[in-house]
Each structure stands twice: as structure tokens, then as C-alpha cells.
Amino acid sequence: MLKLSERIMMAAEMVRHGKVAADIGTDHAYLPAWLVLNGVCPKALACDLRKGPLDNAKNTVENYGVADKISLRLSDGFDEIRPHEADDFIMCGMGGTLMTELVSRTSWLKNSEKLLILQPQSHAEDIREHLITNGFEILREDACVDSGKIYCAFCARWTGEITPHSEGYIYYGKLPECSKPEAKQYLQKVADRLKTKLDAEKKHGSAEKADYLRRIISETEEKINEM
């Protein structure tokens, strides 16, 4: 039976049962194959920018007998997906900055029936900031350790409302609401990264940026202490 890594499983568990999922940047198509094999999705889309990974995806879906239920797409982000073809859209294994670029150019994702499931490898604050300033609501967040590295994932949907948020929210999101110890571990890593940036800013940067980082660090550490 097909087994997913911890970080990919974390995203898979956010997919809604009975919905059609599209995996953006699918590589070997393990995630959509798992969703179909386990009865989570009746069918799925496996999309990748490059032909090599899509060839790997083709082998996977044929080997697991789900080729008739998974559509393979050579696609730059969402470009080769029509709005009605999928409900839940998953992006794993790319940075938050790239996620922001792909989501920002796909206007039809602003639909309350669609769900975004995101597992950013870096700069999660970029995609969080884009979502909450463009009418999306982050519904929940999760964290896990996979091969010694800590990851987060979250799902969001469009509401059309821009909810007021604190200055540091883009760095911690809804992770403080997650009861798993990995969530606290992830946020501590975020705080440590911000402290490194603060040290560099104090030496070679601006006082204004340093003050901003101090506020963000203080807010993040307050959230950590409350967990």
C-alpha cells in the first residue's frame, strides 16, 4: 500500500472527503494517488511544471491502478486547470513566496467553495500575508516533524472579508491553536529565525526594521508561552 511521508500526510488529512483534489507540483503523484486509493477523493488532478516529474507521476498512477481517476497536467501552477475541475488545491514542497505568486495570478480561487491546502517549505509568512490581505481566511494549521525537519501546513478559503490581524500574525498564524508539541517547536524555530534577522539588522540595517522585528519576536514568544 502506498505510504506518504509525514509532511505530505499532514496536508492529505486536510483534504475534504468526496471532493476532487488538485496537487500542484505533484512530482511522483503520490498524494493524489493516495487520496484516490483511500477513498478520500473520487478523482484527482496531478499537475507539474516539468515533463520529468509528470512522467514519474504517470508511472505511479499506472502502477497503483488509478490512471483512470487521475488526470495528469503539464501546468505552471494553476494555468492548465479550469475552475470547475477541482475543489481542493494542494501545494507542498515549494516556498511561500512562489505559492503567493501562483495564487495571486489565479483570480478564480476567490470562491468560497474552493479550499487551499498549503505546506510551505519556507517563508510561510509571505503566503499567509497574501491570503489574509486578499479576503481569505486561514481555517486551521498543523505541524509535524519529518526526517528531522519541522514543517507546518494550513488550509484557507476565500470569504471576501479582510479580517483585522495583529502585526505578528503572518508569522504564527493559527499554530498557537494547535495542541501538538510540534506546533510549539515550529514557532520556536520561527522566533529563532527572526532573532537572527534582528541581529543582522542591528549591525547593518535600519533602526525602523529592527524595531519591527523586536515587536514581532515579542508577540511570537508571547504566543509560544501561552501554548
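Just above, that's the structure.
Presented here is an overview of the structure given in this document. Here the residue numbering is sequential within each chain, running from 1 through the sequence in written order. Side-chain atom pairs in this predicted model are given and counted only at pLDDT of 80 or more, local residue features only at pLDDT of at least 70, and totals for whole chains, interfaces and linings cover all residues. Excluding hydrogens and water, the side-chain values take into account all heavy atoms of the structure.

### Things to note about the overall build of the protein chain
Link 1 in the chain: Across its full length, the protein chain carries eight helices and seven strands.
Link 2 in the chain: C-alpha atoms define the radius of gyration in this analysis, and the globule rule sets the expected value at 2.2 Å times the number of residues to the power 0.38. Against the 2.2 N^0.38 benchmark of 17 Å for 227 residues, the protein chain shows a C-alpha radius of gyration of 18 Å, consistent with a compact globule.
Link 3 in the chain: For the C-alpha atoms alone, the extent of the protein chain along its principal axes is close to 55 × 35 × 30 Å.
Link 4 in the chain: Each residue is assigned to one of three classes by its accessible area relative to the maximum for its type, calculated with a 1.4 Å probe on protein chains only: buried under 20%, partly exposed between the two thresholds, exposed over 50%. When each of the 227 residues of the protein chain is scored for burial, the buried share is 48%. Secondary structure elements are defined from DSSP: runs of H or I of at least 4 residues count as helices, runs of E of at least 2 residues count as strands, and each element is numbered from the N terminus.

### Section: the pairing of strand β3 (residues 70-74)
Link 1 in the chain: Sheet analysis places strand β2 (residues 44-48) next to β3, joined by five bridges and oriented parallel. If you follow D48 over to β3, its bridge partner there is L74.
Link 2 in the chain: As for the winding sense of the linkage, the β-α-β connection from β2 through helix α3 (residues 51-63) to β3 is right-handed. By definition, two strands form a pair when at least two bridges between them are found by DSSP. The handedness rule is simple: strands pointing away from the viewer, and a clockwise path from the first strand over the helix to the second, make the crossover right-handed.

### As for the layout of surface pockets
Link 1 in the chain: Computed over the protein atoms alone on a 1 Å grid, cavities are sets of points where a 1.4 Å probe fits but cannot get out and pockets are open sets with protein on both sides within 12 Å along at least five of seven lines; a residue lines them when it has an atom within 4 Å of a point. Grid points are joined across faces, edges and corners, and a volume is the space filled by probe spheres set on the points. If you add up the space inside the largest pocket, you get close to 570 Å³.
Link 2 in the chain: At the level of secondary structure, the elements contributing two or more residues to the lining of the largest pocket comprise α1 (6-12), β1 (21-24), α2 (30-37), β2 and α4 (96-104).
Link 3 in the chain: Each residue gets one label: Ala, Val, Leu, Ile, Met, Phe, Trp, Tyr, Cys and Pro are nonpolar, Asp, Glu, Lys and Arg are charged, and the others, such as Gly, are polar. Split into classes, the residues belonging to the lining of the largest pocket amount to eleven nonpolar, seven polar and nine charged.
Link 4 in the chain: As for the second largest pocket, its lining consists of 13 residues, of which Q121, S122, I150, Y186 and K189 are closest to the centre.
Link 5 in the chain: Mapped by element, the contributors of at least two residues to the lining of the second largest pocket are β7 (149-158) and α7 (181-204).
Link 6 in the chain: Broken down by class, the residue content of the lining of the second largest pocket amounts to seven nonpolar, three polar and three charged.

### Here's the deal with the environment of N59
Link 1 in the chain: Within the secondary structure, N59 sits in helix α3.
Link 2 in the chain: In this structure the C-alpha to C-alpha distance between N59 and A156, which are 97 residues apart in sequence, comes to 31 Å.

### A short note on the pattern of salt bridges
Link 1 in the chain: Between Lys or Arg on one side and Asp or Glu on the other, a salt bridge is scored when a side-chain nitrogen of the former is within 4 Å of a carboxyl oxygen of the latter. One pass over the structure, following the stated rule, counts 16 salt bridges.
Link 2 in the chain: Across the pair D79 and R105 runs a salt bridge whose closest N-O atoms are separated by 3.3 Å. Here D79 is found in the loop between β3 and β4 (88-92), whereas its partner R105 is found in the loop between α4 and β5 (115-119), with 26 residues between them in sequence.
Link 3 in the chain: The salt bridge involving R128 is made with E141; its shortest N-O contact spans 3.0 Å. Of this pair, R128 sits in helix α5 (residues 124-132) while E141 is found in strand β6 (residues 136-146), placing the two residues 13 residues apart along the sequence. The two residues R128 and E141 agree in class, both being buried.
Link 4 in the chain: What you see here is one network of salt bridges that share partners, running through D76, D79, E101 and R105.

Honestly, it's all geometry; don't read function into it.
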